Amino acid sequence: EKWKEIPDVPRKLKKAGREVFLVSLNNGILRSVSGMKEIKQMKSYWGSEITVKAGDFMPKTIDCFTRPGSIQLIHQDEKVVDKD
């Protein structure tokens, strides 16, 4: 009976967030992972999951399992997340 008391969706979100999937447009050897310094300086940066490193073979992204990584953004202000 307690399960029925849990709402299907949260009544109010405490923060805004996005998970941005990285995409590889081609198969090939990754030369470098650039831009992470700038990404980590974003106001809403929360974390990242990068599954490849320079020198690795990186397949073309065809689904969520072949993506080279993702970036998580979270902030109190949704406008900040949207801007980042």
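Above this text sits the structure in question.
This report concerns the structure included in the present document. Source: prediction; values computed, not measured.

Analysis parameters
- Residues numbered from 1 in each chain as written.
- Predicted model: local features only at pLDDT ≥ 70, side-chain atom pairs only at ≥ 80, totals over all residues.
- Heavy atoms only, no water.
- Core = buried A, V, L, I, M, F, W, Y, C linked by side-chain atoms within 4.5 Å.
- Buried < 20%, exposed > 50% of the residue type's maximum accessible area, 1.4 Å probe, protein only.
- Helix = DSSP H or I, 4+ residues; strand = E, 2+ residues; numbered from the N terminus.
- Contact = heavy atoms within 4.5 Å.
- Salt bridge = Lys/Arg side-chain N within 4 Å of Asp/Glu carboxyl O.
- Pairing = 2+ DSSP bridges.

### Focus: the nonpolar core
Most often, soluble globular proteins keep nonpolar side chains buried together rather than apart.
Next up, step 1: Core analysis: the biggest nonpolar cluster contains six residues, these being Ala16, Met36, Ile39, Ile71, Leu73 and Val81.
Next up, step 2: Secondary-structure elements contributing two or more residues to this core are helix H1 (36-40) and strand E5 (69-75).
Next up, step 3: Those residues in contact with Ile71 that sit more than four places away from it in its chain are Arg18, Glu19, Val20, Leu22, Met36, Ile39, Tyr45, Gly47, Ser48 and Ile50.

### Observations concerning the pattern of salt bridges
Next up, step 1: Taken as a whole and judged by the stated rule, the model has four salt bridges.
Next up, step 2: Close ionic contact of Arg67 with Glu49 constitutes a salt bridge, the shortest N to O distance being 3.8 Å. One end of the pair, Arg67, is in the loop between strand E4 (57-58) and E5; the other, Glu49, is in strand E3 (residues 45-50), with 18 residues separating them in the sequence.
Next up, step 3: What emerges from the salt-bridge pattern is a single network uniting Arg18, Glu78 and Asp82.

### Structural notes on the pairing of E5
Next up, step 1: Judged by how many residues are buried, E5 sits mostly within the fold: five of seven residues are covered.
Next up, step 2: Bridge count for strand E1 (residues 16-21) against E5 is six bridges, and the pairing is antiparallel. When the bridges of E5 are listed, Phe21 appears paired with Ser70.
Next up, step 3: Pairing analysis gives five bridges linking E3 to E5, with the strands arranged antiparallel. From the neighbouring strand, Ile50 faces E5, where its bridge partner is Gly69.

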